[in-house]
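So the chains spell out like this:
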Amino acid sequence: VPMPDGGRAAGLFALFSLFAFSANAQLPPQISIEWTGSPLCQRSAGLDAEVARLLGPEPVRVEPTQFVARVDELAERTLNYYRLTLSVSSETRRAERSVELATCGDVQDAAALLIATAIDPNAALRASAAPACRDPPGSAGP
């Protein structure tokens, strides 16, 4: 059945639904994320919502876990501009991973994905949708 508005209302509804989920998505209360390092790449306002989106709508059972994301600017900036070092600390595990990335947006995306998969390895399967944690153009970072 053709829609009088050409389907725009359905598209707007879908977009609004996605935004509403992103805006209301929250991390489990036992998860904390600390962001330190470069003033050129501050923590995105949407980071928690992106991690929550990757974890999915089902409640996640996880022990209290602290994540520390440290972002450093690289001295030699050939291809990559930043180094993200993510530390995970809980009662039963400690881990650290570093990755070099070209943009602050890449850092935000990588941090969200690494955090979500540390909480639930199946979160990587939900990562195919467009990331929602990037700040709008013109915000901090190159």
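Every value quoted in this text rests on a predicted model; they were computed, and no experiment measured them. Every chain begins its residue count from 1, and numbering advances along the sequence as written. Only residues with pLDDT of at least 70 are given local features in this predicted model, and only at 80 or more are side-chain atom pairs given and counted; all residues enter the totals for whole chains, interfaces and linings. Side-chain figures throughout are based on the complete set of non-hydrogen atoms in the structure, without hydrogens or water.

Draft legend 1. Representation of the overall build of the protein chain in the model. Secondary structure is summarised from DSSP: a helix means a run of H or I of at least four residues, a strand means a run of E of at least two, and numbering begins at the N terminus for each. A tally of regular secondary structure across the protein chain gives three helices and four strands. Helices and strands in the protein chain line up, N terminus first, as α-β-α-β-β-β-α. Here's how the labels work: a residue is buried when its accessible area is under 20% of the maximum for its type, exposed when over 50%, partly exposed in between, all with a 1.4 Å probe on protein chains only. Here the protein chain holds 142 residues, and 35% of them are scored as buried. Contacts: residue pairs with any heavy atoms within 4.5 Å of one another. Here the analysis covers contacts within the protein chain between residues at least 6 apart in sequence; of these, 61% occur between residues at least 24 apart. Carbon and sulfur atoms provide 58% of the accessible area of the protein chain, an area that totals close to 8700 Å². Using the Shrake-Rupley algorithm and a 1.4 Å probe, accessible areas are obtained, with residue cover drawn only from the displayed protein chains.

Draft legend 2. Representation of the pattern of salt bridges within the structure. Salt bridge, as used here, is a side-chain nitrogen of Lys or Arg placed within 4 Å of a carboxyl oxygen of Asp or Glu. Under the counting rule described, the total for this entry stands at four salt bridges. Asp48 serves as the salt-bridge partner of Arg43, at 2.3 Å between the closest nitrogen and oxygen. For Arg43, a relative accessible area of 28% translates into the label partly exposed. Residue Asp48 is classed as partly exposed on the basis of its relative accessible area, which comes to 29%. Linking Arg53 and Glu50 is a salt bridge whose minimum nitrogen-to-oxygen distance equals 2.9 Å. With Arg53 and Glu50 both in helix 2 (residues 47-55), this residue pair falls three residues apart, about one helical turn.

Draft legend 3. Geometry of the state of the cysteines. When two cysteine sulfur atoms are found within 2.5 Å, that pair is recorded as a disulfide. Applying the stated criterion to the full structure yields one disulfide. The partner cysteine of Cys41 in its disulfide is Cys104, sulfur to sulfur 2.2 Å. Every disulfide takes its handedness from the sign of the S-S torsion; for Cys41 and Cys104 that torsion is 85 degrees, giving right-handed. Remark: Cys104 occurs in helix 3 (residues 104-119) and Cys41 occurs in the loop between strand 1 (31-37) and helix 2; sequence separation between them is 63 residues.

Draft legend 4. Layout of helix 3. In this model, helix 3 (16 residues) spans 23 Å end to end at C-alpha, consistent with the 22 Å of a helix rising 1.5 Å per residue. Considered for burial, the residues of helix 3 that qualify are Cys104, Gly105, Val107, Gln108, Asp109, Ala110, Ala111, Ala112, Ile115, Ala116, Ala118 and Ile119. If you follow the buried residues of helix 3, they end up packed against strand 1, helix 2, strand 2 (65-73), strand 3 (82-90) and strand 4 (94-101). Each residue after the first adds 1.5 Å to the expected span of a helix.

Draft legend 5. Main features of the confidence of the model for the protein chain. pLDDT is defined as a per-residue confidence score from the predictor, taking values between 0 and 100. Per-residue pLDDT for the protein chain has a mean of 78; in total, 70% of the residues score no lower than 70. The model gives residues 5-23 a pLDDT under 50, and that stretch makes four contacts with residues more than four places away or in other chains. Across residues 136-142 the pLDDT falls below 50, and counting only partners more than four positions away or on other chains, this stretch makes 10 contacts in the model.

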